[in-house]
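What the coordinates show
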Amino acid sequence: MAEEEDDPGFEEDTEDGGNGIDSGHGKRKRLFSKELRCMMYGFGDDQNPYTESVDILEDLVIEFVTEMTHKAMSIGRQGRVQVEDIVFLIRKDPRKFARVKDLLTMNEELKKARKAFDEANYGS
């Protein structure tokens, strides 16, 4: 009985999740596990969420990013992803659009602050 519990076969079969993201290359390296665990905890999950939950969420994130990237590559300049293309794609989702606007504004402010800091320390 103890041998059946240690059988890793079930885990290997479900690693792909059946959605084709894995593309048949065996176990896929998890790119965002640490960040997703922290985000899940920040949104009220357990400090150590189930690995399966993190894996499913990561699959959804990768699928979303992949779809958005493909859509962005098909509009605007063919084969290139630009910020304007992403903004165009999410313009009808008010929450995402507002968040992107905030992040872009914050990015510009950080650039200006870095430039001012560098000029003050190293400039003429």
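Residues numbered from 1 in each chain as written. Predicted model: local features only at pLDDT ≥ 70, side-chain atom pairs only at ≥ 80, totals over all residues. Heavy atoms only, no water.

As recorded in an unreviewed UniProt entry, the chain goes by the name Transcription initiation factor TFIID subunit 13, listed as coming from Triplophysa tibetana. Quoted straight from UniProt, the Subunit (unreviewed entry) entry for the chain says "Component of the TFIID basal transcription factor complex, composed of TATA-box-binding protein TBP, and a number of TBP-associated factors (TAFs), including TAF1, TAF2, TAF3, TAF4, TAF5, TAF6, TAF7, TAF8, TAF9, TAF10, TAF11, TAF12 and TAF13. Interacts with TBP, and more strongly with TAF10 and TAF11." Under the UniProt heading Sequence similarities (unreviewed entry), the entry covering the chain gives this text: "Belongs to the TAF13 family." (UniProt positions renumbered as here; feature names shortened; annotations may be inferred.)

A few words on the side chain of Ser33. Looking at the element boundaries, Ser33 is found in helix H3 (residues 33-42). Judged by its relative accessible area of 17%, Ser33 is buried. At 3.3 Å, the side chain of Ser33 forms a polar contact with the side chain of Glu58. When sequence neighbours within four positions are dropped, the list of residues in contact with Ser33 reads Val54 and Glu58. (Helix = DSSP H or I, 4+ residues; strand = E, 2+ residues; numbered from the N terminus. Buried < 20%, exposed > 50% of the residue type's maximum accessible area, 1.4 Å probe, protein only. Polar contact = N/O pair within 3.5 Å; in protein donor to acceptor, adjacent residues only side chain to side chain. Contact = heavy atoms within 4.5 Å.)

Next up on the list: the pattern of salt bridges. For the structure shown, the criterion picks out five salt bridges. Between Arg30 and Asp59 there is a salt bridge; the shortest N-O distance is 2.9 Å. In this pair, Arg30 sits in the loop between helix H2 (9-14) and H3 while Asp59 sits in helix H4 (residues 51-74), placing the two residues 29 residues apart along the sequence. With respect to class, Arg30 is no different from Asp59; both count as buried. What you see here is one network of salt bridges that share partners, running through Arg30, Asp55, Glu58 and Asp59. (Salt bridge = Lys/Arg side-chain N within 4 Å of Asp/Glu carboxyl O.)

This part covers the layout of surface pockets. As a volume, the largest pocket reaches approximately 370 Å³. Breaking the lining of the largest pocket down by element, the ones donating at least two residues are H4, helix H5 (83-90) and helix H6 (94-122). Each residue belonging to the lining of the largest pocket can be placed in one class, and the counts come to six nonpolar, one polar and three charged. Counting the residues that make up the lining of the largest pocket, at least three belong to each of domain 1 (29-78) and domain 2 (92-123). (1 Å grid on protein atoms, 1.4 Å probe; cavity = no way out; pocket = protein on both sides within 12 Å on 5 of 7 lines; lining within 4 Å. Points joined across faces, edges and corners; volume = space filled by probe spheres on them. Nonpolar A, V, L, I, M, F, W, Y, C, P; charged D, E, K, R; others polar. Domains from an automatic or database assignment.)

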